[in-house]
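Structural characterization, general
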Amino acid sequence: MTGSRVVALGHYQPAKVLTNHDLAAMVDTSDEWITSRVGIRTRHIGGPDEPVDELAAHAAAKALASAGLQPSDIDLVLVATSTAIDRSPSMSARVAARLGMEAPAVMDINVVCSGFTHALATADHALRAGAATRALVIGADKMGDIVDWTDRSSCVLMGDGAGAAVVVADPPDAERPGIGPVLWGSVPGMGDAVRIEGTPPRFAQEGQSVYRWATTQLPPIARKVCEKAGLTPEDLAAVVLHQANLRIIEPVARKIGAVNAVVARDVVDSGNTSAASIPMALSKLVERGEIPGGAPVLLFGFGGNLSYAGQVISCP
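The shown structure was predicted, so the numbers you read here are calculated from the model rather than taken from an experiment.

It is worth spelling out the sheet that holds strand β8 (residues 183-186) at this point. Read across the open sheet, the five strands follow the order β8-β14-β13-β11-β12; overall the sheet is mixed. Here the strands that pair on one side only, and so sit at the sheet edges, are β8 and β12 (262-263). In terms of strand pairing, β8 meets strand β14 (residues 307-314) through four bridges, oriented antiparallel. By the bridge assignment for β14, G185 is matched with Y308. Against the sheet, helix α5 (residues 115-128) touches β8, β13 (296-303) and β14, its axis set at about 55° to β14. Across the sheet, helix α7 (residues 207-228) is in contact with β8, β13 and β14; its angle to β13 comes to roughly 145°.

Another aspect to go through is the sheet that holds strand β6 (residues 134-142). Read from one edge to the other, the open sheet built from five strands follows the order β1-β7-β6-β4-β5, with strand pairing classed as mixed. Every interior strand has two partners, whereas the edge strands, β1 (4-12) and β5 (105-109), have only one. Taken pair by pair, the neighbouring strands of this sheet meet at an average axis angle of 20°, ignoring direction. Relative to β6, strand β4 (residues 76-80) runs parallel, the two being bridged by five bridges. From the neighbouring strand, V79 faces β6, where its bridge partner is I138. Against the sheet, helix α3 (residues 52-67) contacts β1, β6 and β7 (160-169), and its axis sits at roughly 130° relative to β1. Relative to the sheet, helix α10 (residues 277-287) contacts β1, β6 and β7, its axis offset from that of β1 by approximately 95°.

The rules behind the values
- Residues numbered from 1 in each chain as written.
- Predicted model: local features only at pLDDT ≥ 70, side-chain atom pairs only at ≥ 80, totals over all residues.
- Heavy atoms only, no water.
- Pairing = 2+ DSSP bridges.
- Helix = DSSP H or I, 4+ residues; strand = E, 2+ residues; numbered from the N terminus.
- Contact = heavy atoms within 4.5 Å.
- Axes fitted to C-alpha atoms, helices over the stretch in contact; angles between N-to-C directions.

Shown next as structure tokens:
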């Protein structure tokens, strides 16, 4: 048995930027209304010629280049997404084909906004069990394809993008696992508070229910994630929560008690990108040098299905 660690990250967003002023020309809203309620200023929206697997492949290629690895070095590809319209080929299979991989195991994971942290835990478990040696874990979503652009309560939230992580086995002399134990769960009885349903699929949520659940129930769970990793919140160098809404991120981060941590606020510029939000926000923090290598970082996803999953990782 061995642990695993994230050794490299990558992210990608479509070129088109949709500002709050742009949205104000589309629906009855304003820049002041949006920023005061959700803290978002801009979001990136992909076009019809930019499928989810293309966003994912761009982020993955960046992560592989950062790790100094070739696609053929990867034997497990996990893609967390809830915006894959086709059932087969899977998003992970399409990404593997785009990257020219040889024979990786491929699997999609749909836990909506907490998909990436679920997928990261799954990769960690596979490496610990010896079922894989190097994994590519991707969160990718095109929320712009499933949002109702006439509904001002939801369309102001969403953006498109992808983030990726390369995960490898820990060296034998590692003092602590590079990816700590996962703590995950859900609230099945409230699962319909966040929905992607219908043909064509459309996103909808009960915003107040999600807000109350996130700000009251999640902070103690996040503190337990730290306990499982053998750390206190004060030990954390960074906190990367699902980038749902600034009015959720800031109180949850404060209640966790990570007083010395950088708190990711990529939602301001990217909107809610669902499964892409955590790896994308983390990749940007690392790229800007805001987290020291090896420092402990709390990743905590939550949302769709009223599910959650979190772990403490060593920053690559």
